[in-house]
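# Examining the three-dimensional arrangement
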Amino acid sequence: MDKKIILASNSPRRRQLLAGLGIPFEVKTIDGVDESYPDGLEPEKTAEYIANEKSLAYEISPDEILITADTIVLCDGVILGKPIDEADAWRMLKAISGKTHKVITGVCLRSTEHKSLFSVSTEVAFKQLTDEEIGYYIESYAPYDKAGAYGIQEWIGYVGVTSISGSYFNVMGLPVQRIYEELKNSHL
């Protein structure tokens, strides 16, 4: 790759996942990037919209490729973002308990000449969680920086996930296989 890769994310999980590709990159972040989205947007397009908006907040040079991403959880047609407090985390974990939901990560890869905007969806099924399991997880892991109030790579994923259809890494927050293919085959 003849361009410098810039990951615009505060997420330690995204950094870890991108590092796993063995591609050199650096991290740049801007505080206060707006993650809102317009009413009436199709839920499946929300993560792409936010990833694109995040991308537009950054200036890049001709020798750089910027990667931005946003992950949402879609359960029963309702978007679950990051919980704002303990009660919100409880609400989200109760909503996904005993159900299958979609985890959708929107990604924007942008250079000064081109942009690739896409999303990857993964279906995740959870067992019926007890109140004790939900309480323990929230208290022990404080999942306030995670869409849907959970991290699949944490305790709740070990005990709660009964099946997954699609990319595990997408559920963690970055569909690295698709990003690799886009970087390898695109004209960015």
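Placed above this text is the structure.
Quantities reported herein were computed from a predicted structural model and do not represent experimental measurements.

Our focus in this paragraph is the side chain of T122. By the element assignment, T122 lies in strand β6 (residues 115–126). Of the polar contacts made by the side chain of T122, one reaches the side chain of N170; its length is 3.0 Å. In contact with T122, other than residues within four places in its own chain, are H101, K102, V103, I164, S165, G166, S167, N170 and V171.

The subject of this paragraph is the packing of aromatic side chains. Aromatic ring pairs are described here by two measures, namely the spacing of the ring centres and the angle between the planes. A full pass over the atoms with the stated rule returns 4 aromatic pairs. An angle of 70 degrees between the planes, with centres 4.7 Å apart, marks the rings of Y136 and W155 as edge-to-face. Here W155 lies in helix α5 (residues 155–160) and Y136 lies in helix α4 (residues 131–141), a separation of 19 residues in the sequence. On the basis of relative accessible area, W155 is assigned to the partly exposed category, the value being 22%. With a centroid separation of 5.2 Å and 25 degrees between ring planes, the pair formed by Y137 and Y141 is classed as stacked. Residue Y137 and its partner Y141 are located together in helix α4, separated by 4 residues, close to a single helical turn.

Quick notes on the rules
- Residues numbered from 1 in each chain as written.
- Predicted model: local features only at pLDDT ≥ 70, side-chain atom pairs only at ≥ 80, totals over all residues.
- Heavy atoms only, no water.
- Helix = DSSP H or I, 4+ residues; strand = E, 2+ residues; numbered from the N terminus.
- Polar contact = N/O pair within 3.5 Å; in protein donor to acceptor, adjacent residues only side chain to side chain.
- Contact = heavy atoms within 4.5 Å.
- Phe/Tyr/Trp six-rings, centres within 6.5 Å; stacked < 30°, edge-to-face > 60°.
- Buried < 20%, exposed > 50% of the residue type's maximum accessible area, 1.4 Å probe, protein only.

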